[in-house]
Amino acid sequence: MTKALAGVRILDFTHVQSGPTCTQLLAWFGADCIKIERPGVGDITRGQLMDVPKADSLYFTMLNHNKRSITVDSKNKKGLEIIERLIKECDVLVENFAPGAMDRMGLTWERIQELNPRMIYASVKGFGPGPYEDCKVYENVAQCTGGSASTTGFRDGPPLVTGAQIGDSGTGLHLALGIVTALYQRTMTGRGQRVTCAMQDGVLNLARVKLRDQQRLAHGPLTEYSQHGEGVPFGDAVPRAGNDSGGGQPGRILRCKGWETDPNAYTYFITQAPVWEAICDVIGEPGWKTDPGYATPKARLPKLIEIFGRIEQWTMTKTKFEVLEICNKVDIPCGPILSMKELIEDSSLRATGTVVEVDHPTRGKYFSVGNPIKLSDSPSDVKRSPLLGEHTDEILTNVLKYSAEEVAAIKASGATEPPAKKQAAE
Ligand code: COA
């Protein structure tokens, strides 16, 4: 079956997480993704959080499936020539270096357009133009500067970062959408364009409901926040709301059977207004269906602590999966807190390819997250990540059409080999 992005060639100049997330998605959709890495070193994540000696880390392997790897030293004259030839052969260049790094290599947007006017040049940076534009940025910095940390956690605790990598992977996702949009526009204009995503912007986009609440605050208290029911006044900025639901329907994380020993024996439970009567029946409080003190959402708001306390008395008698089964039958929205151990063992996620087992020549078998976006005409096969420079010869010969003599001269120049290896060869 043809892949959706078959025929699209990506020059992947990314490292760490945000950029590789983007190019991995494009590779899963069928783009030929050529990852340029520094000779002898490669993407720094190859050696970070290593669990198997002398094998690429899971950090690297899980972000670089379906790619080819070529090692090229961009600071070597011949190396730069190779990169410029690759720019002519590719449709998209993706990078997430620190601000100015590409320009220092001599690869300015102007130069790239000169080399290939159809090129889509896509970048992740920490911030957009403004006072912070020169800053290097990592995940948690983006979560903190994009509004997520200030609105995550409990009111009486410090700001909190989340485990989901909304700064890195979230921005990679945004960038991928920008790239395919630019590719679509190119089919009509014939021109490439610049695509940029700032991590601060990506996080703020994902925290959009909190910017909504910031403006609502000017018109009165946020009545669906627990603190309103608890009689705690609001300040001038959106507070941290614990596990309140962001959509206006009161929600909480409640203990389930086994919580004393299992840190994940919890369920998320939403007291959605249309199913209030079903909730009353399930928890054994049928009188609350008609009692004016409980029957309407407005009447319930100041009593949420009492109401969720009563619901929790019930959830603590059931496992999180029993709660799901009972509530699901009567459309009460709830969700068990699933651990990573449970997710990796989940047979339905394995069946859909969202959790996949991959074999790797140096590390052996491991699990990864497959493509979460399913296209009916372009299913994603997850192929192992490349070893460092595994495809250097293949790309020089087949993509760039260098002759055998030229390849030998390139190697001798140090453009594709680490200095130590070069010296040893001399
Ligand atoms: N050959 C030779 N040099 C290479 C190279 C290659 N193939 N690939 C990269 N380099 C060099 C660059 O030329 C640059 O050198 P310079 O600073 O002398 O110009 C350097 O490596 C780029 O490194 P940099 O991006 O500064 O890496 P870092 O480890 O210091 O910083 C980040 C890492 C992530 C903080 C930074 O890249 C960044 O802020 N990126 C944008 C935001 C982002 O994506 N953050 C999230 C990452 S998950």
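Higher on the page you've got the structure.
Since this is a predicted model, take the numbers as computed values, not measurements. (Residues numbered from 1 in each chain as written. Predicted model: local features only at pLDDT ≥ 70, side-chain atom pairs only at ≥ 80, totals over all residues. Heavy atoms only, no water.)

*Asks:* Summarise the state of the cysteines; cite the residues concerned and give the values.
*Replies:* Tallied over the entire structure, the rule returns 0 disulfides. In this structure Cys22 is not part of a disulfide, and its nearest cysteine sulfur, from Cys197, lies 8.2 Å away. Counting only cysteine sulfurs, Cys334 is the nearest neighbor of Cys327, a cysteine outside any disulfide, at a range of 4.1 Å. Residue classification places Cys327 among the buried positions, given a relative accessible area of 0%. (Disulfide = S-S within 2.5 Å. Buried < 20%, exposed > 50% of the residue type's maximum accessible area, 1.4 Å probe, protein only.)

*Asks:* So, the pattern of salt bridges: which residues are in play, and what are the values?
*Replies:* Under the defined criterion, the tally for this structure stands at 27 salt bridges. Residue Lys35 is joined to Asp43 by a salt bridge in which the shortest nitrogen-to-oxygen separation is 2.8 Å. The exposure classification of Lys35 matches that of Asp43, with both residues buried. One salt bridge connects Arg310 with Glu285, and the closest N-O pair in it is separated by 2.7 Å. Residue Arg310 is located in helix α13 (residues 304-315), and its partner Glu285 is located in the loop between α11 (276-283) and α12 (297-300); the two are separated by 25 residues in the primary sequence. Residue classification places Arg310 among the buried positions, given a relative accessible area of 18%. (Salt bridge = Lys/Arg side-chain N within 4 Å of Asp/Glu carboxyl O. Helix = DSSP H or I, 4+ residues; strand = E, 2+ residues; numbered from the N terminus.)

*Asks:* Talk me through the environment of Thr352; I want residue IDs and the actual numbers.
*Replies:* Looking at the secondary structure, you find Thr352 in helix α16 (residues 347-352). Overall, Thr352 belongs to the partly exposed group, its relative accessible area being 47%. Looking at Thr352, its side chain comes within polar contact range of the side chain of Thr354, at 3.2 Å. (Polar contact = N/O pair within 3.5 Å; in protein donor to acceptor, adjacent residues only side chain to side chain.)

*Asks:* Pulling in residues and values, what's your account of the packing of aromatic side chains?
*Replies:* Enumeration over the complete set of coordinates arrives at 6 aromatic pairs. Ring centres of Tyr225 and Phe234 lie 6.0 Å apart, and the angle between their planes is 70 degrees; this geometry places the pair in the edge-to-face category. Residue classification places Phe234 among the buried residues on the basis of a relative accessible area of 19%. For the ring pair Trp288 and Tyr294, a centre distance of 4.4 Å and an interplane angle of 5 degrees mean the geometry is stacked. The exposure class of Trp288 is buried, given its relative accessible area of 8%. Tyr294 gets classed as buried once you look at its relative accessible area, which sits at 11%. In this structure, Arg85 packs its charged tip against the face of Tyr402, placed 4.0 Å from the ring centre. A cation sits over an aromatic face here: Arg194 above Tyr121, 3.8 Å from the ring centre. (Phe/Tyr/Trp six-rings, centres within 6.5 Å; stacked < 30°, edge-to-face > 60°. Lys NZ or Arg CZ within 6 Å of the ring centre and 35° of its normal.)

*Asks:* Could you give an account of the packing of helix α1 (residues 18-28) against helix α7 (residues 168-189), naming the residues involved and the relevant values?
*Replies:* Closest axis-to-axis distance for the α1/α7 pair is 7 Å, and the angle between their directions is 45 degrees. Between α1 and α7, the crossing angle belongs to the class labelled oblique. Between α1 and α7 the crossing geometry is right-handed. Where α1 approaches α7, its residues Ser18, Thr21, Cys22, Leu25 and Leu26 are matched on the opposing element by Asp168, Ser169, Gly172, Leu173, Leu175, Ala176, Ile179 and Val180. Residues belonging to the contact of α1 with α7 are distributed by class as follows: 8 nonpolar, 4 polar and 1 charged. (Axes fitted to C-alpha atoms, helices over the stretch in contact; angles between N-to-C directions. Parallel < 35°, antiparallel > 145°, perpendicular 65-115°, else oblique. Left-handed = near helix turned anticlockwise from the far one by under 90°. Contact = heavy atoms within 4.5 Å. Nonpolar A, V, L, I, M, F, W, Y, C, P; charged D, E, K, R; others polar.)

*Asks:* Would you mind going over a nonpolar patch on the surface in detail, with residue names and values included?
*Replies:* There is a patch of nonpolar side chains on the surface, built from Leu173, Ile373 and Leu375 and spanning about 230 Å² of accessible area. Turning to its location among the elements, Ile373 is positioned in the loop between β11 (364-369) and α17 (392-399). What makes Ile373 partly exposed here is its relative accessible area of 36%. (Patch = residues over 30% accessible without salt bridge, like charges linked within 9 Å, V, L, I, M, F, W, Y side chains within 5 Å. Areas by Shrake-Rupley, 256 points an atom, 1.4 Å probe, with all protein chains shown as cover.)

*Asks:* With reference to specific residues and values, describe empty space enclosed by the protein.
*Replies:* For the structure on display, the rule yields 1 cavity of 30 Å³ or more. Each pocket or cavity is described by its volume, and for the largest cavity that value is around 30 Å³. Ser226, Gly229, Glu230, Arg252, Leu301, Pro302, Leu304 and Ile305 together form the lining of the largest cavity. Secondary-structure elements contributing two or more residues to the lining of the largest cavity are α10 (226-229) and α13. (1 Å grid on protein atoms, 1.4 Å probe; cavity = no way out; pocket = protein on both sides within 12 Å on 5 of 7 lines; lining within 4 Å. Points joined across faces, edges and corners; volume = space filled by probe spheres on them.)

*Asks:* Account for the sheet that holds strand β7 (residues 251-255), naming residues and giving values.
*Replies:* As summarised here, the arrangement of the 3 strands in space is β7-β8-β9, forming an open sheet in which the pairing is antiparallel. The two strands at the open ends of the sheet, each matched to only one other strand, are β7 and β9 (334-336). For this sheet, the mean inter-axis angle between neighbouring strands, taken without regard to orientation, is 20 degrees. Pairing of strand β8 (residues 266-270) with β9 involves 3 bridges; the strand directions are antiparallel. Across the sheet, the residue bridging to Tyr268 is Gly335, located in β9. (Pairing = 2+ DSSP bridges.)

*Asks:* For the side chain of Gln227, give the residues involved together with the corresponding values.
*Replies:* Following the sequence through the fold, Gln227 ends up in helix α10. Setting aside anything within four residues of it in sequence, one finds Gln227 in contact with Arg155, Val232, Pro233, Phe234 and Pro239.

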